[in-house]
Number of protein chains: 2
Amino acid sequence: MSHDTKQIIKNLSVDCVVFGFENNNLEVLLIKRKRNPEKGNWALPGGFALHSETLDQAAVRILEETSNVKNIYLEQVHTFSEIDRFPNRRVITVAYFALVNPEKHSIKPGIDTTDVKWHNVKDKIDFPFDHQKIFKSALRQLRQRVRYKPIGFELLPKKFSLSQLQSLYECILGQPLDKRNFRKKILGLKMLIQLDDYQKGVAHRAARLYKFDSKAYTVLKKQGFNFQL
Amino acid sequence: MSHDTKQIIKNLSVDCVVFGFENNNLEVLLIKRKRNPEKGNWALPGGFALHSETLDQAAVRILEETSNVKNIYLEQVHTFSEIDRFPNRRVITVAYFALVNPEKHSIKPGIDTTDVKWHNVKDKIDFPFDHQKIFKSALRQLRQRVRYKPIGFELLPKKFSLSQLQSLYECILGQPLDKRNFRKKILGLKMLIQLDDYQKGVAHRAARLYKFDSKAYTVLKKQGFNFQL
DNA sequence: TCAAAAGTGTTTGCAATACACCCATGC
DNA sequence: GCATGGGTGTATTGCAAACACTTTTGA
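Residues numbered from 1 in each chain as written. Chains lettered and ligands numbered in written order. Predicted model: local features only at pLDDT ≥ 70, side-chain atom pairs only at ≥ 80, totals over all residues. Heavy atoms only, no water.

**Describing the interface of chain A and chain B**
It is common to give the size of an interface as the accessible area lost on bringing the parts into contact.
Alright, step 1. Tallying the contact residues gives 27 residues for chain A and 26 residues for chain B.
Alright, step 2. Summed over the shared surface of chain A and chain B, the result is zero salt bridges.
Alright, step 3. Along the contact surface separating chain A from chain B lie 16 residue pairs in polar contact (both at pLDDT 80 or more).
Alright, step 4. A breakdown of the residues in the side of chain A that touches chain B according to their chemical character gives nine nonpolar, 13 polar and five charged. (Contact = heavy atoms within 4.5 Å. Salt bridge = Lys/Arg side-chain N within 4 Å of Asp/Glu carboxyl O. Polar contact = N/O pair within 3.5 Å; in protein donor to acceptor, adjacent residues only side chain to side chain. Nonpolar A, V, L, I, M, F, W, Y, C, P; charged D, E, K, R; others polar.)

This is the structure we're talking about:
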């Protein structure tokens, strides 16, 4: 191709809805915008695509540039094209959702942002542009995916308890789950390895910790599964 | 907005994978290209978006312009952005899938096409550009959708037999279904109205015809359902 | 009378659901 | 010793799956 490699595509942007799981809550990553439009306001991390990259690559780059997160689960969600969605000129945006384990990835402001933060998914957010719509559609897609792909696991630390895992599923699906049935089901998938580690320093019986069987995990991720709870 | 209304967005196109059901086969609509690139070759109907329209609107317009079909079921599938997917310059394309009842909609060439035809989904097609990839991903999405949305019905004539409906599902899912179980399940959804009409002129027992209960249909389409067969 | 598709119920097994009590730990 | 969450098993139900013969019609 004959394009300058660092040149942006002026009418095409990528916006990312980054989900994380912290303090037993599903959270979304927001960045404080350094430039106009909406300078100083909290928004979804986004940016323009370059002529030299695919949109998947753009999403990876933008996440790294805005929030310093790398090497995470990414999936395209939808392309938004309302004529007035961006001020003054026509910009179409492709939305991605991403899953991050906040313990593994340190979040910090990148070149185009002055600040980053996690925000509880349950609390109302006053989004600029059409980011409310984008956020909702990403959440909807996450809820669908989690039912037949084991992607929830991207959000947890290496060692975790079954209660943590259950709590994650409850946050994503927005509904309580039965403890015994959940355990039966999740252990039946044979993708967890029981460890000899236990929770420490809690004022109740310590929970046993588990990790993923990464081979079984990869297989299941490809095959898909049916998680009906 | 201040754009000329009929001006195209040169780096953004829409491609449509139009499915139809005819002669008990699932078919895809192809058009013969009138212009370069790939002039004279069969491809998916597509075209550039305009500054004055959303992508959904572009898909509607393009389907009408290329193939004379209107008022059909449309859903966005995915955005394709490989750098070399289009020759000579960077063009990103947004794929849609559409469902058409060939009996209701007469297909004929539009301004940008010299010919149109239906092509059996099972037969290999030699697609230009990345249309093979686009087609595959649309078919995958159709297979998913049909399991929890009653969209299959968009493809049938007003009056139809249960065998036709079953055959449609078999074509989409690519697997045979049990007749008795299929009927039990589909009648259990209570969205079909039994008519007093029967098939005519067939050399075997005439099949009873049904139509959709459009109210129940609308409700189910919104709620989603679980079609496991 | 033959060919070809329509139509029709029952049984079986599995998986989802509902449900309640004891255990270990820190304070 | 008490508050807190961890951990465990069974009974019931509903749904998916498997399966074969009779009916109707035109040729």
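That was the structure; now back to the text.
**Description of the relation of the copies chain A and chain B**
A rotation about an axis combined with a shift along that same axis relates the two copies of the chain.
Alright, step 1. With an RMSD of 0.1 Å, the operation that places chain A on chain B is a rotation of 179° combined with a shift of 0.0 Å along the axis. Expressed as a symmetry operation, the mapping of one chain copy onto the other fits a two-fold axis.
Alright, step 2. Taken as a fraction of all interface residues of chain A, those also at the interface in chain B reach 96%, which identifies the copy contact as same-surface. (Least-squares fit on C-alpha atoms with pLDDT ≥ 70 in both.)

**Focus: the protein's contact with DNA strand D**
Alright, step 1. If you check the shell around DNA strand D, you find 21 residues, and the closest are A:Lys179, A:His204, A:Arg208, B:Val202 and B:Arg205.
Alright, step 2. Counting only the atoms of DNA strand D within 4 Å of the protein, the fraction contributed by sugar and phosphate is 40%.
Alright, step 3. Between DNA strand D and the protein, one listed contact pairs a base oxygen with a side-chain N or O atom of A:Lys184 at 2.9 Å.
Alright, step 4. Contacts to DNA strand D include B:Arg205, whose backbone N or O atom sits 2.8 Å from a base oxygen.
Alright, step 5. Residue assignment for the surface near DNA strand D shows that the elements contributing at least two residues are helix H4 (179-188) of chain A together with helix H4 (179-188) of chain B.
Alright, step 6. Partitioning the surface near DNA strand D into residue classes produces six nonpolar, four polar and 11 charged. (Near = heavy atom within 4 Å. Helix = DSSP H or I, 4+ residues; strand = E, 2+ residues; numbered from the N terminus.)

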